[in-house]
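# Summary of the model geometry
So the chains spell out like this:
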Amino acid sequence: MASSARVDLDGNPIKAMTICMIGAGGFIGSHLCEKLMAETPHKVLAVDVYNDKIKHVLEPASLPWAGRIQFHRINIKNDSRFEGLIKMADLTINLAAICTPADYNTRPLDTIYSNFIDALPVVKYCSENNKRLIHFSTCEVYGKTIGSFLPKDSPLRQDPAYFILKEDASPCIFGSIEKQRWSYACAKQLIERLVYAEGAENGLEFTIVRPFNWIGPRMDFIPGIDGPSEGVPRVLACFSNNLLRGEPLKLVDGGQSQRTFVYIKDAIEAVLLMIENPARANGHIFNVGNPNNEVTVRQLAEMMTEVYSKVSGEPALEVPTIDVSSKEFYGEGYDDSDKRIPDMTIINTQLGWNPMTSLWDLLESTLTYQHRTYAEAIKKAISKPVTSS
Ligand SMILES: NC(=O)c1ccc[n+]([C@@H]2O[C@H](COP(=O)([O-])OP(=O)(O)OC[C@H]3O[C@@H](n4cnc5c(N)ncnc54)[C@H](O)[C@@H]3O)[C@@H](O)[C@H]2O)c1
Ligand SMILES: O=c1ccn([C@@H]2O[C@H](COP(=O)(O)OP(=O)(O)O[C@H]3OC[C@@H](O)[C@H](O)[C@H]3O)[C@@H](O)[C@H]2O)c(=O)[nH]1
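Keep in mind the model is a prediction, meaning the values are calculated, not measured.

Criteria and thresholds
Residues numbered from 1 in each chain as written. Chains lettered and ligands numbered in written order. Predicted model: local features only at pLDDT ≥ 70, side-chain atom pairs only at ≥ 80, totals over all residues. Heavy atoms only, no water. Near = heavy atom within 4 Å. Polar contact = N/O pair within 3.5 Å; in protein donor to acceptor, adjacent residues only side chain to side chain. Areas by Shrake-Rupley, 256 points an atom, 1.4 Å probe, with all protein chains shown as cover. Helix = DSSP H or I, 4+ residues; strand = E, 2+ residues; numbered from the N terminus. Nonpolar A, V, L, I, M, F, W, Y, C, P; charged D, E, K, R; others polar. Core = buried A, V, L, I, M, F, W, Y, C linked by side-chain atoms within 4.5 Å. Buried < 20%, exposed > 50% of the residue type's maximum accessible area, 1.4 Å probe, protein only. Contact = heavy atoms within 4.5 Å. Phe/Tyr/Trp six-rings, centres within 6.5 Å; stacked < 30°, edge-to-face > 60°. Pairing = 2+ DSSP bridges. Expected span 1.5 Å × (residues − 1). Axes fitted to C-alpha atoms, helices over the stretch in contact; angles between N-to-C directions.

### Here we look at the site of ligand 1
Phe27, Asp48, Asn75, Tyr184 and Trp214 are the nearest of the 26 residues found near ligand 1. A distance of 3.1 Å is found between an oxygen atom of ligand 1 and a backbone nitrogen or oxygen belonging to leucine 95. Within the side chain of tyrosine 184, a nitrogen or oxygen atom sits 2.7 Å from an oxygen atom of ligand 1. A total of 830 Å² of accessible area belongs to ligand 1 in isolation, and the protein chains cover 89% of it. If you list the elements that add at least two residues to the shell around ligand 1, you get α1 (27-39) and α7 (183-202). By residue class, the composition of the shell around ligand 1 is 15 nonpolar, seven polar and four charged.

### A short note on the nonpolar core
Judged by nonpolar contacts, the single largest core of 67 residues is most densely connected at Ile93, Trp214, Met274, Ile275 and Val288. In this structure isoleucine 275 touches Met17, Ile19, Leu32, Leu36, Leu91, Ile93, Arg132 and Ile134, once residues within four positions along its chain are discounted.

### As for the site of ligand 2
The immediate surroundings of ligand 2 are formed by 24 residues, with Tyr104, Thr138, Glu140, Tyr184 and Asp336 found nearest. Interatomic distance of 2.9 Å between a side-chain N/O atom of asparagine 213 and an oxygen atom of ligand 2. Here lysine 250 contributes a backbone N or O atom positioned 2.7 Å from a nitrogen atom of ligand 2. Contact with the protein chains covers 96% of the free accessible surface of ligand 2, which is 670 Å².

### Observations regarding the packing of aromatic side chains
Following the criterion strictly, the structure yields eight aromatic pairs and no others. Here phenylalanine 174 and tryptophan 182 contribute two aromatic rings whose centre-to-centre distance is 5.7 Å and whose plane-to-plane angle is 10°, an arrangement assigned as stacked. An angle of 85° between the planes, with centres 4.8 Å apart, marks the rings of phenylalanine 329 and tyrosine 330 as edge-to-face. Given a relative accessible area of 22%, phenylalanine 329 falls into the partly exposed group. Taken together, the ring pairs connect Phe329, Tyr330 and Tyr334 into an aromatic cluster.

### Section: the pairing of strand β1 (residues 18-22)
Burial analysis of β1 places five of its five residues in the buried class, which makes it a mostly covered element. Going residue by residue along β1, you find Thr18, Cys20 and Ile22 tucked away on one face and Ile19 and Met21 tucked away on the opposite face as well. Two strands pair when backbone bridges link them, and β1 and strand β2 (residues 43-48) are joined in this way by five bridges, in the parallel orientation. By the bridge assignment for β2, threonine 18 is matched with lysine 43.

### Overview of α7
Look at α7: 28 Å from first C-alpha to last across 20 residues, which is about the 28 Å you get at 1.5 Å a residue. Of the residues making up α7, those classed as buried are Ser183, Tyr184, Ala185, Ala187, Lys188, Gln189, Ile191, Glu192, Val195, Glu198 and Gly199. Residues of α7 that are buried in the fold lie against α4 (101-104), α5 (108-115), α6 (120-128), β5 (132-136), β7 (206-211) and β12 (284-288).

### What to know about the environment of threonine 18
Turning to its location among the elements, threonine 18 is positioned in strand β1. With 277 residues separating them along the chain, threonine 18 and valine 295 place their C-alpha atoms 39 Å apart.

### Thoughts on the sheet that holds β1
In spatial order, the strands read β3-β2-β1-β4-β5-β7-β12; together these seven strands make up an open sheet with parallel pairing. The open sheet is flanked by β3 (69-73) and β12, the only strands paired with a single partner. Here the strands of the sheet are splayed against their neighbours by 15° on average, with no regard to which way each runs. In this structure, β7 lies alongside β12, joined through five bridges in parallel fashion. Across the sheet, residue arginine 210 finds its bridge partner in β12, namely asparagine 287. The sheet strands contacting α1 are β1, β2, β3, β4 (91-94) and β5, and the helix crosses β1 at an angle near 165°. Contacts between α6 and the sheet are confined to β1, β4 and β5, with β5 contributing the most and set at about 160° to the helix.

Rendered as structure tokens:
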């Protein structure tokens, strides 16, 4: 429940604010809207082209927070009405982006436009109107680790100095231009530099967030159910789809890449701290991830298979995974980040935030949600007779 006695990390009362949230209808936006409505007195001007994932927060009118959230169906690419919303707000949060790897090498122009060009007016309007901005970047701006360039048997590969990713020290290492996978990371890096420069030269109050694989309910879509049958979402949804359909999980290039996964609900706590502690968050770039939840993609597949069997009551497949090449799975121009462990010093020091949820626990709650939400629809889709055209 919203309460007027809420205080920030320095003990000062938190004043209710109006937040313009662009990309509010997506995975992260939906969780942030829920949190802001259920636990704070803030108002949200929610901007997106879709609202399916936040319908339950917008309706019915009897919701306890009705009147504190408004949905504006605006495509920021070609509709400048959002400038008015930024002017009405105290803070703008920009989440809008194309952010699925299957798009980076196959739709590089859309990817670059979405992550750089379309974000430009948001930064400009915030700067010109002296409005605070929280901009969502990505851990992909780090690209590959320095350690990945060392010989395979080099003992230095075990040295954290060669793989831990630090906001203020690590370089951004991308592949060649033909590896169009990096179109996204490069566009995100340039918009980060622009936001930073607006802060340095024009006094823009900004915070940049670098999410490290946030996962949980409502992430992306299940192909053929609530998204295109040929679509390729991020790994959580790809593997969920395989499990729901009783198919082996596809391991790209052997599933050797490593990731750290953080539960969306933990990560949202970090974002709320940024929102409500501007003095501690402004001018900073924050890694937001869980360094304790590191696995290879192969280990993730094995764990998801075990957890899904537990929550669905269905036996695991005898052959739970198959290998596919990245060219076959993603097409020409794909490349990968080898390893992503966030350094947590800055977010610990500034905001005292630490993630709480283990990978097993977050998969258990997420796959319970996936099973409850999609199992029936998948059963129906599979049992439909194939019609010849
Ligand atoms: N989920 C993660 O782990 C993760 C990791 C790194 C970075 N990020 C970043 O966080 C942000 C949000 O990610 P997400 O996982 O919620 O993705 P998402 O795709 O679920 O959400 C993005 C939302 O932005 C909206 N959008 C895109 N273009 C728009 C436009 N032109 N006008 C209006 N709305 C538009 C989409 O409709 C979508 O609802 C992105 O900037 C992404 O790059 C996310
Ligand atoms: O079915 C699949 C899907 C994916 N994968 C692999 O799983 C790993 C993770 O893939 P994801 O689709 O979750 O995406 P990545 O972690 O590579 O990038 C993500 O990172 C941070 C954000 O900016 C973006 O949301 C996205 O770019 C990759 O190595 C990918 O090749 C599989 O092995 N099988």
